[in-house]
Amino acid sequence: MAKLQSSILFVLLIIIAGVLPFFLNDYYLMIIISSLVIAGLALSWAMLSNLGGMTSFGHAAFFGIASYASAIVTMRCGVPVLIAIPFAAIIAALSAVLMLPIIRLSGSYFALAILGYAQIFYGLAVEMPQWTNGPAGISSIPPLPEVLDIDFSQRLSSYFLMLVIILVIAFIYGAILRSKTGLALKAIAESEDASLVVGVNAVRLKFLILLLSAFIAGLIGAFNTHLIGSLNPDDAFSANWSLLPIIAAIFGGARTLWGPVIGAVVIYLFDQIVAKEFFAIVFHTSVGHQIILGIILALLILLAPDGLLSLFFRNRKAHA
């Protein structure tokens, strides 16, 4: 029954995602695209947390590294954007090799270590103006290109491209979850010591899932760079790229496949369209609207610790 409900929900969401954008202007399309950017990062974070048992507070590192890598190779080396984006994602994944010494850490120790890792690259972006233009950042970054007469620099086309990327990421994540490797990784996340007893190479598998998570975060970061067209250290390595994916995953259901995606879309759209407008009308300011989001998140955690999807399915089951 739960599987049928999940399938119906998935089909409905795909229909809405495919039809609704045609009725929206560029402003609202950009908000939705931004929510999908967070959704991609949320999937990347959930993958690392669920399959590797590693809580990351530093996904902004991979996002920012790929952002700068893609901008630099397109502007200084003339590399086409469609090649630069996956290249930058590979660079982000390779940067995770530097984290090999901390891969044995767990819990808050790993979370704090990766947070420090992100700050190191923020500092490099500020202190290496010959490559990054320092605090001033980089502007006039080449936009997403035209392919087969489809101009991906246009909001509607870039939306569908981002949607396809999210679906591919979710497919890969789901395939891993159902595989023997995924089973081994979940065993590591539950109890690394117990997995070692039965012969699972925990360090190798954790490192591989870290590389994949970093690659996905980097892919999203590079895409976002060419979508926005400008870049600076504060934006590229913003704490939002580390915190919003965590909030989205928890809100939607971090242990589910589609929870992080739904959580990201719901909380970002609510924050930007409802909470922000409410504060602008009532308090005549755009500052502090995240307070409403924080209250809703706290209430959801109390009512449904496993996320929004668990609340939906629980209510459906209660009425069955």
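Now for a description of the structure that goes with this document. (Residues numbered from 1 in each chain as written. Predicted model: local features only at pLDDT ≥ 70, side-chain atom pairs only at ≥ 80, totals over all residues. Heavy atoms only, no water.)

## A short note on unusual backbone geometry
Argument step 1. Here the phi dihedral of S140 falls at roughly 55 degrees; this positive angle occurs in a residue that is not glycine.
Argument step 2. Mapped onto the secondary structure, S140 falls in the loop between α6 (129–132) and β1 (146–147).
Argument step 3. In this model, D149 sits at a positive phi of 65 degrees, which is unusual for a non-glycine residue.
Argument step 4. Tracing the sequence through the fold places D149 in the loop between β1 and β2 (150–151). (Helix = DSSP H or I, 4+ residues; strand = E, 2+ residues; numbered from the N terminus.)

## Some words on the side chain of S95
Argument step 1. Tracing the backbone shows S95 in helix α4 (residues 81–95).
Argument step 2. Taking the relative accessible area as the measure of exposure, S95 reaches 9% and is therefore buried.
Argument step 3. Those residues in contact with S95 that lie beyond four places of it in its chain are F62, I65, Y117 and F121. (Buried < 20%, exposed > 50% of the residue type's maximum accessible area, 1.4 Å probe, protein only. Contact = heavy atoms within 4.5 Å.)

## Side note on the packing of aromatic side chains
When we look at a pair of aromatic rings, we describe it by the centre distance and by the angle of the planes.
Argument step 1. Under the definition given, this model contains 7 aromatic pairs.
Argument step 2. Both rings, one in F62 and one in Y117, keep their centres 6.0 Å apart while their planes meet at 50 degrees; by these two values the pair is tilted. With a gap of 55 residues between them, F62 in helix α3 (residues 59–76) and Y117 in helix α5 (residues 107–127) connect regions that are remote in the sequence. Neither residue differs from the other here; F62 and Y117 are each classed as buried.
Argument step 3. With centroids separated by 6.2 Å and ring planes inclined at 15 degrees, the aromatic side chains of Y68 and F237 adopt a geometry described as stacked. Placement of Y68 in helix α3 and of F237 in the loop between α11 (233–236) and α12 (240–252) is noted, with a sequence separation of 169 residues between them. When sorted by exposure, Y68 lands in the same class as F237, which is buried. (Phe/Tyr/Trp six-rings, centres within 6.5 Å; stacked < 30°, edge-to-face > 60°.)

## Some thoughts on the side chain of S213
Argument step 1. Tracing the sequence through the fold places S213 in helix α10 (residues 202–228).
Argument step 2. Engagement of the side chain of S213 in a polar contact is seen with the side chain of H59, the distance being 2.9 Å.
Argument step 3. Those residues within four positions of S213 in sequence are excluded, and the remaining contacts are S44, W45, L48 and H59. (Polar contact = N/O pair within 3.5 Å; in protein donor to acceptor, adjacent residues only side chain to side chain.)

## Structural notes on the environment of F22
Argument step 1. Of note, F22 is situated in the loop between α1 (2–19) and α2 (26–52).
Argument step 2. Ignoring any residue separated from it by four or fewer positions in sequence, one finds F22 in contact with L156 and F160.

## Digging into α12
Argument step 1. Its 13 residues give α12 an end-to-end C-alpha distance of 17 Å, which sits within 8% of 18 Å, the value for a rise of 1.5 Å per residue.
Argument step 2. Buried within α12 we find W241, S242, P245, I246, A248, A249, F251 and G252.
Argument step 3. One or two steps after α12, the chain reaches G253, where phi turns positive at roughly 125 degrees. (Expected span 1.5 Å × (residues − 1).)

## Section: the environment of A184
Argument step 1. With respect to the helices and strands, A184 occurs in helix α8 (residues 180–190).
Argument step 2. Assessed through its relative accessible area of 16%, A184 is described here as buried.
Argument step 3. Sequence spacing of A184 and V200 is 16 residues, and the spatial spacing of their C-alpha atoms is 6.8 Å.
Argument step 4. If we skip the residues at most four places from it in the chain, A184 touches V200 and L205.

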